[in-house]
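Descriptive analysis of the structure
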Amino acid sequence: QVQLVESGGGLVQAGGSLRLSCAASGRTFSSYTMGWFRQAPGKEREFLAGISWSGGSTYYADSVKGRFTISRDNAKNTVYLQMNSLKPEDTAFYYCAATFYTNPIRSQAYEYRYWGQGTQVTVSS
């Protein structure tokens, strides 16, 4: 089992950047594929990016490709989401999640077993 805690959210102007962090407890963090999702009010949870256990493979949703970068540091039990060129439509609650599924990197929320509580990101125009 792994517990996840996100941080780094906040208010930013359009065009700005934020880096989200997700700290994991437990010694098996490096066994998990990790993902970032977001959910805006009235919308379904949306996959953003995933990264393999080693960090060697990544996968992005088209909506964030080229703007967001996922990375991980297994020594620190942490996964990151660097978000650049933020837009008002990026406003949402952002979640990290963990799954034992490996290749290919999964993009469906139901395929992820463990979830953090989320962090709010608000982008002003």
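1. Details of the overall build of the protein
Along the protein, the regular secondary structure elements total zero helices and 11 strands. Across the protein, helices and strands are ordered from the amino to the carboxyl terminus as β-β-β-β-β-β-β-β-β-β-β. What you see for the protein is a C-alpha radius of gyration of 13 Å, in line with the 14 Å of a compact globule of 125 residues. Expressed as a percentage of its 125 residues, the buried residues of the protein come to 46%. For the protein, the share of sequence-separated contacts (at least 6 apart) that also reach a separation of at least 24 residues comes to 58%. For the protein, the exposed surface amounts to about 6,500 Å²; the carbon and sulfur share of it is 46%. Charge separation in the protein, taken as the distance between the mean sites of 12 positive and 8 negative side-chain charges, equals 6 Å.

2. Some remarks on the pairing of strand E5 (residues 46–51)
With five of six residues buried, E5 lies mostly within the body of the structure. Here five bridges tie strand E4 (residues 33–39) to E5, and the two strands are oriented antiparallel to one another. Bridge pairing links phenylalanine 37 to phenylalanine 47 in E5. The antiparallel pairing of E4 with E5 creates a hairpin that spans six residues between the two strands, and glycine 42 there sits at a positive phi of about 80 degrees. As paired strands, E5 and strand E6 (residues 58–60) are joined by three bridges and run antiparallel to one another. Residue pairing for E6: alanine 49 is matched across the bridge by tyrosine 60. Here E5 hands over to E6 after six residues, with glycine 55 in that stretch at a positive phi of 85 degrees.

3. Here we look at the pairing of strand E7 (residues 68–73)
Side chains Phe68, Ile70 and Arg72 project from E7 onto a buried face, and the interleaved Thr69, Ser71 and Asp73 project onto a face without burial. Here E7 runs beside strand E8 (residues 78–83); their pairing, made up of six bridges, is antiparallel. Following the sheet pairing, aspartate 73 is matched in E8 by threonine 78. The antiparallel pairing of E7 with E8 creates a hairpin that spans four residues between the two strands, and asparagine 77 there sits at a positive phi of about 50 degrees.

Rules used in this analysis
- Residues numbered from 1 in each chain as written.
- Predicted model: local features only at pLDDT ≥ 70, side-chain atom pairs only at ≥ 80, totals over all residues.
- Heavy atoms only, no water.
- Helix = DSSP H or I, 4+ residues; strand = E, 2+ residues; numbered from the N terminus.
- Rg over C-alpha atoms; globule rule 2.2 N^0.38 Å.
- Buried < 20%, exposed > 50% of the residue type's maximum accessible area, 1.4 Å probe, protein only.
- Contact = heavy atoms within 4.5 Å.
- Areas by Shrake-Rupley, 256 points an atom, 1.4 Å probe, with all protein chains shown as cover.
- Lys, Arg positive; Asp, Glu negative; His and termini not counted.
- Charge placed at Lys NZ, Arg CZ, Asp CG, Glu CD.
- Pairing = 2+ DSSP bridges.

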